[in-house]
2 protein chains.
Amino acid sequence: MDIKTLCLGLLSLDEACGYDLKKKFESLFKHFFAAGYGSIYPALADLAEAGLVDCREVPQNGRPARKVYAITEAGRTFFQDSLSRANPTHKLRSDFLVMMYFADQVDTDRLQLLLDSRIGSFHDAAAHIERITESWPSDSPAGARFVAGFGKAMAEAATRYIEENRHMLKGQAKSQRPDVHRQAHRLASGLEERV
Amino acid sequence: MDIKTLCLGLLSLDEACGYDLKKKFESLFKHFFAAGYGSIYPALADLAEAGLVDCREVPQNGRPARKVYAITEAGRTFFQDSLSRANPTHKLRSDFLVMMYFADQVDTDRLQLLLDSRIGSFHDAAAHIERITESWPSDSPAGARFVAGFGKAMAEAATRYIEENRHMLKGQAKSQRPDVHRQAHRLASGLEERV
DNA sequence: AAGAGCATGTAACCTGTTACATGATTAT
DNA sequence: ATAATCATGTAACAGGTTACATGCTCTT
């Protein structure tokens, strides 16, 4: 599912401009779908050209006119058809896990730092979800609640796993192969070579 | 972290040809990193050109020579430097969650199907991890164990969450808006327009 | 006889990211 | 004053996916 379809989906719930959509992506979909302006604006232009959304310009004082997009009947139809396509994906891509896989080639201090900051991120994610959901009225859509709950449950499970299993990982003592690390830094990308 | 770096990482553990690497990706990294031949072979060529790996051709009878790649000292250094870079990512991209978010626009039958098949996938993932780890010797790398355990824990947590919370989602009755669904099919992508 | 597995790769394509470009208003 | 927020977009680039192209061997 591409960003175009997702924009259309958000517009099926409420009209919005590109800027608004970006904010919605960042609050509602933060834990499972990212999108920047560089993909949202072109997506909206494409949707408008295809007649799946209408655009209404609202002049502002001192800033670019707000381009408010509203879904059309054709758009709604198209979106619901997208939803009826099979095999939705669910893919993780994690450099963090890659690093953990190679833990014995990472020095101990850094390894601990990585684990701590990953726990921090998961904690932030859970907190973020809690923050956005606590203001939701009791009749808010079930789908939104389900998805938020999923994100929170995963973040909590991940934190728990790391806390309970980090003892397995020791990493490589920092001083053990100083030569390699010095070489690494030299090669890195122009850090000045010092001691 | 790109596929090139990951290939280098795998080669830091053992020499291998492109075909072997693909298999390793599919067994070890299945749950958090995907790679096809279309990215692996070019990656290996690049690594060889950069001097980070050496290539040795082993002739076969009746099939293309096996190109066995082995990491060089420069490669090892480079890889360890990559591991020392900051902020490793951990990103989920899930069409499944998108669909669940819009659950009230999906018909009930399909929604149940999606939930069932997602549980099935998570179950498969956990089973896959169990299968590959059960043959690991007790002295196998801690990182590999940690990562496998993480994948299993997440798959189990996800399954549990879905099973305990799917009752929240009802979806839309299939018969409620037949017109829309018919329209959807017409618009889909050149299905012949019939009644 | 059919299909899975072994073994290599290329080329076009799709999609999204990053950096750039602009500039007023509002809050700290 | 400084930073954040509002509001639009483009263009070059990076990275991976999919389809294509080839062909023998081993298992069922």
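Residues numbered from 1 in each chain as written. Chains lettered and ligands numbered in written order. Predicted model: local features only at pLDDT ≥ 70, side-chain atom pairs only at ≥ 80, totals over all residues. Heavy atoms only, no water.

Notes on the protein's contact with DNA strand D
Put simply, the rule reads: A molecule or strand has a residue near it when one of that residue's heavy atoms lies within 4 Å. In protein, a polar contact requires one atom able to donate a hydrogen and another able to accept it; more generally it is a pair of N or O atoms within 3.5 Å, and residues adjacent in sequence count only if both atoms are side-chain atoms. Numbered from the N terminus, helices here are DSSP runs of H or I no shorter than four residues, and strands are runs of E no shorter than two. Amino acids are sorted into nonpolar (Ala, Val, Leu, Ile, Met, Phe, Trp, Tyr, Cys and Pro), charged (Asp, Glu, Lys and Arg) and polar (every other residue, Gly among them).
Contacts to DNA strand D come from 19 residues, most closely from Tyr19(A), Tyr41(A), Gln60(A), Lys67(A) and Gly62(B). In DNA strand D, the atoms that sit within 4 Å of the protein are 72% sugar and phosphate, with bases accounting for the remainder. In this structure, a phosphate oxygen belonging to DNA strand D sits 3.0 Å away from a side-chain N or O atom of Arg93(A). In this structure, a phosphate oxygen belonging to DNA strand D sits 3.5 Å away from a side-chain N or O atom of Ser39(B). Secondary-structure elements contributing two or more residues to the surface near DNA strand D are helix H2 (18-28), helix H3 (37-49) and strand S2 (66-71) of chain A together with helix H3 (37-49) of chain B. Sorting elements by how many residues they give to the surface near DNA strand D places H2(A) first, with three residues. Grouping the constituent residues of the surface near DNA strand D by class yields six nonpolar, six polar and seven charged.

Some points on the protein's contact with DNA strand C
Near DNA strand C you find 20 residues, and of these Gly62(A), Tyr19(B), Tyr41(B), Gln60(B) and Lys67(B) are the closest. By atom count, sugar and phosphate contribute 71% of the portion of DNA strand C lying within 4 Å of the protein. Contact between DNA strand C and Ser39(A): a phosphate oxygen at 3.4 Å from a side-chain N or O atom of the residue. Side-chain polar atom of Lys67(B) to a phosphate oxygen of DNA strand C: 2.4 Å apart, as the coordinates give it. Within the residue set of the surface near DNA strand C, elements represented by two or more residues are H3 of chain A together with helix H2 (18-28), H3 and strand S2 (66-71) of chain B. Broken down by element, the residue count for the surface near DNA strand C peaks at three residues, all from H2(B). Per-class residue counts for the surface near DNA strand C are six nonpolar, seven polar and seven charged.

Some remarks on helix H6 (residues 108-134) of chain A
The following threshold applies: Every helix has an expected span of 1.5 Å times one less than the residues it contains. Partly exposed describes any residue whose relative accessible area lies between the buried limit of under 20% and the exposed limit of over 50%, with all areas from a 1.4 Å probe on protein chains only and scaled to the type maximum. In this analysis, two residues are considered to be in contact whenever any of their non-hydrogen atoms come within 4.5 Å of each other.
Here H6(A) contains 27 residues, and its C-alpha end-to-end distance of 39 Å stays within 8% of the 39 Å for a straight helix at 1.5 Å per residue. Looking only at H6(A), the buried set comprises Arg110(A), Leu111(A), Leu114(A), Leu115(A), Arg118(A), Ile119(A), Phe122(A), Ala126(A), His128(A), Ile129(A) and Ile132(A). Of the surrounding secondary structure, the elements contacted by the buried residues of H6(A) are H2, helix H5 (95-101) and helix H7 (142-165) of chain A together with helix H4 (73-83), strand S3 (90-94) and helix H7 (142-165) of chain B. Two to three positions downstream of the cap, the backbone nitrogen of Asp109(A) sits 3.1 Å from a side-chain oxygen, assigning the N-cap of H6(A) to Asp107(A).

Quick notes on the pattern of salt bridges
How we decide: One side-chain nitrogen of Lys or Arg within 4 Å of one carboxyl oxygen of Asp or Glu is enough to make a salt bridge.
In the structure shown here, the tally under the stated rule is 17 salt bridges over all chains. Between Glu15(A) and Arg56(A) there is a salt bridge, and its shortest N-O distance comes to 2.5 Å. Placement of the pair is Glu15(A) in the loop between helix H1 (3-13) and H2 and Arg56(A) in strand S1 (residues 53-58), with a sequence separation of 41 residues. The exposure class assigned to Glu15(A) is partly exposed, which follows from its relative accessible area of 38%. Residue classification places Arg56(A) among the partly exposed residues on the basis of a relative accessible area of 41%. In this structure, Glu156(B) engages Lys152(B) in a salt bridge whose closest nitrogen and oxygen atoms are separated by 3.9 Å. Note that Glu156(B) and Lys152(B) are positioned in helix H7 at a spacing of four residues, about one turn of the helix. Because the salt bridges share partners, they merge into one network encompassing Glu130(A), Lys152(A) and Glu156(A).

The analysis is restricted to geometry; functional conclusions fall outside its scope.
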